[in-house]
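Coordinate inspection notes
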Amino acid sequence: MPLSIFGFQALWSPYLIGVLVFITIIYFLVTVKWRQDFKESEPLKKGQAIYFVLAMITIYIIKGSPVDLMAHIMFTMHMVQMAILLLLVPIFLIKGIPWWVWKVAIEAPVVRTIFKVLTLPVVAVFVFIGLFSFYHLPDVLDYIKLNETLHGTYTFVLFLSAVFMYWPLIQNIPGRAQMKPLHKLGYIIANAVLITPACGLIIFAPNAMYETYTNGEAWLKAMELCVPASTLSGLSLSGPELFTDMKPVADQQLGGVLMKIIQELIFGVLLGAIFTKWYRAEQKDPDKITADALAAHQKKWESQQQH
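As the structure is a computational prediction, the values presented were derived from the model and not from experiment. (Residues numbered from 1 in each chain as written. Predicted model: local features only at pLDDT ≥ 70, side-chain atom pairs only at ≥ 80, totals over all residues. Heavy atoms only, no water.)

The helix and strand inventory of the chain stands at 17 helices and zero strands. Considered along the principal axes of its C-alpha atoms, the chain spans approximately 85 × 50 × 35 Å. Expressed as a percentage of the 307 residues in the chain, the buried residues total 42%. Excluding contacts between residues fewer than 6 apart, the proportion of contacts in the chain whose partners are at least 24 apart in sequence is 78%. Put simply, the chain shows about 16900 Å² of open surface, and 67% of that area lies on carbon and sulfur atoms. Seen as two clouds, the 23 positive and the 20 negative side-chain charges of the chain have centres 12 Å apart. (Helix = DSSP H or I, 4+ residues; strand = E, 2+ residues; numbered from the N terminus. Buried < 20%, exposed > 50% of the residue type's maximum accessible area, 1.4 Å probe, protein only. Contact = heavy atoms within 4.5 Å. Areas by Shrake-Rupley, 256 points an atom, 1.4 Å probe, with all protein chains shown as cover. Lys, Arg positive; Asp, Glu negative; His and termini not counted. Charge placed at Lys NZ, Arg CZ, Asp CG, Glu CD.)

Dropping the structure here:
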């Protein structure tokens, strides 16, 4: 059965287009026209603008195009949507918003303490993994998907936790402590390891676990998150099997596998970028690095001799 039966609004989310365009206009007004109103600022870089626009386009593709509709029909597309929303878009946003805008936002009186705690590496990774894993427990996902307000709120909180998780890796605000390259590599590997149990639960479950992707009544109710109820009431639908030949268990397993693959690809690119930057920094002045290492060794040896 074609997706076109759900109508233009469900397929292309015109309201989301308006919201994203409005956010993009505000972004350029703040970073270009109103920049002089900030105590600290610098001209918007081309790369930053590209990252931000990529974030807006990606959000629309996964939340406003037919991809979002398919994510309510197939668990596979749901996991692809989650992977891109939580593991790729935060990178674009952190890199796309200039450091001086971030500084004003995170140093606001109410935000400062909360942000400082939630971006501590250990806290950030466990909060993100915890929220992601909890969300994909069968009873939890089914319950959240049947309530539009709860679904939107939890998705937003989960997205914020992804931003907090990436912050220690990517932030470049002058004067703020930066993670050492070796620590960044370990942090990424820890993220990859900790998210594996949640994916494993989905991949190796012997049966389809989610009612909103297998039970016709629950599925139809969940579809109201992206399809107007008035449209659904005029359709004769029994379940997601009308739109895919894939068995529910296979759909669920493929979703878990794709989530893990996308996560590994994104983390792999990050690992490569961090290692390459680290290697180049080490090669800039090898003589100075060697001299510093020898001086540190000599100082340690002299200290031991004195004792």
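On to helix α7 (residues 99–106), then. Across the eight residues that make up α7, a large majority, six, are buried. Where α7 is buried, its residues meet α2 (14–33), α6 (89–96), α8 (109–118) and α11 (148–170).

Once that is clear, we can look at the side chain of Thr76. Looking at the element boundaries, Thr76 is found in helix α5 (residues 75–87). Setting aside residues no more than four positions away along its own chain, Thr76 makes contact with Met246, Asp251, Leu254, Gly255 and Leu258.

Describing two packed helices takes the angle between their axes plus the distance from one axis to the other. Close contact between helix α9 (residues 121–135) and α11 brings their axes to 8 Å; oriented N to C, the two are set at 150 degrees. Comparing their axes, α11 and α9 come out roughly antiparallel. Crossing handedness for the pair α9 and α11: left-handed. Here α9 contributes Pro121, Ala124, Val125, Val127, Phe128, Leu131, Phe132, Phe134 and Tyr135 to the contact with α11, which in turn contributes His151, Tyr154, Val157, Leu158, Ser161, Ala162, Phe164, Met165 and Pro168. When grouped by side-chain class, the residues that make up the contact of α9 with α11 number 16 nonpolar, two polar and no charged. (Axes fitted to C-alpha atoms, helices over the stretch in contact; angles between N-to-C directions. Parallel < 35°, antiparallel > 145°, perpendicular 65-115°, else oblique. Left-handed = near helix turned anticlockwise from the far one by under 90°. Nonpolar A, V, L, I, M, F, W, Y, C, P; charged D, E, K, R; others polar.)

With that settled, consider the nonpolar core. In terms of nonpolar packing, the biggest core is built from 70 residues, with Leu86, Phe128 and Tyr166 touching the most fellow members. Looking at this core element by element, the count peaks at eleven residues for α11. Listed in part, the 14 residues of the second largest apolar core include Leu11, Met74, Trp219 and Leu232. (Core = buried A, V, L, I, M, F, W, Y, C linked by side-chain atoms within 4.5 Å.)

Now for the pattern of salt bridges. What the rule picks out here adds up to six salt bridges. Between Arg176 and Glu107 there is a salt bridge whose closest N-O contact spans 3.6 Å. Pair noted here: Arg176 is in the loop between α11 and α12 (181–194) and Glu107 is in the loop between α7 and α8, with a separation of 69 residues, a long-range link. Here Lys260 makes a salt bridge to Glu264, at a shortest N to O gap of 3.2 Å. Placement of the pair is Lys260 and Glu264 together in helix α16 (residues 248–284), with a separation of four residues, close to one helical turn. Under the relative-accessibility criterion, Lys260 is labelled buried at 15%. (Salt bridge = Lys/Arg side-chain N within 4 Å of Asp/Glu carboxyl O.)

The UniProt record marks residues 12–32, 82–102, 114–134, 154–173, 185–205 and 261–279 with the feature "transmembrane region" (unreviewed entry), using the residue numbering of this structure. Overall, residues 261–279 shows 100% helix and 0% strand. The separation of its end C-alpha atoms is 26 Å. (UniProt positions renumbered as here; feature names shortened; annotations may be inferred.)

This next bit is on the side chain of Asp251. With respect to the helices and strands, the residue Asp251 is situated in helix α16. Look at Asp251: it is buried, it has no salt bridge, and the nearest opposite charge is Lys145 at 11 Å. In this structure the side chain of Asp251 is engaged in a polar contact, spanning 2.8 Å, whose partner is the backbone nitrogen of Phe75. Within polar-contact distance, the side chain of Asp251 engages the side chain of Thr76 at 2.6 Å. If we skip the residues at most four places from it in the chain, Asp251 touches Met74, Phe75, Thr76 and Met246. (Polar contact = N/O pair within 3.5 Å; in protein donor to acceptor, adjacent residues only side chain to side chain.)

Right, let's get into the environment of Gly186. Residue placement: Gly186 occurs in helix α12. Gly186 gets classed as partly exposed once you look at its relative accessible area, which sits at 38%. When the C-alpha atoms of Gly186 and Leu271 are compared, they prove to be 9.4 Å apart, with 85 residues separating the residues in sequence.

With that settled, the discussion passes to a nonpolar patch on the surface. Taken together, the side chains of Val19, Phe22, Ile23, Ile26 and Trp34 make up a nonpolar region of the molecular surface, amounting to roughly 440 Å² of accessible area. Tracing the backbone through its elements, the reader meets Phe22 in helix α2. Looking at Phe22, the relative accessible area reads 55%, which means it is exposed. (Patch = residues over 30% accessible without salt bridge, like charges linked within 9 Å, V, L, I, M, F, W, Y side chains within 5 Å.)

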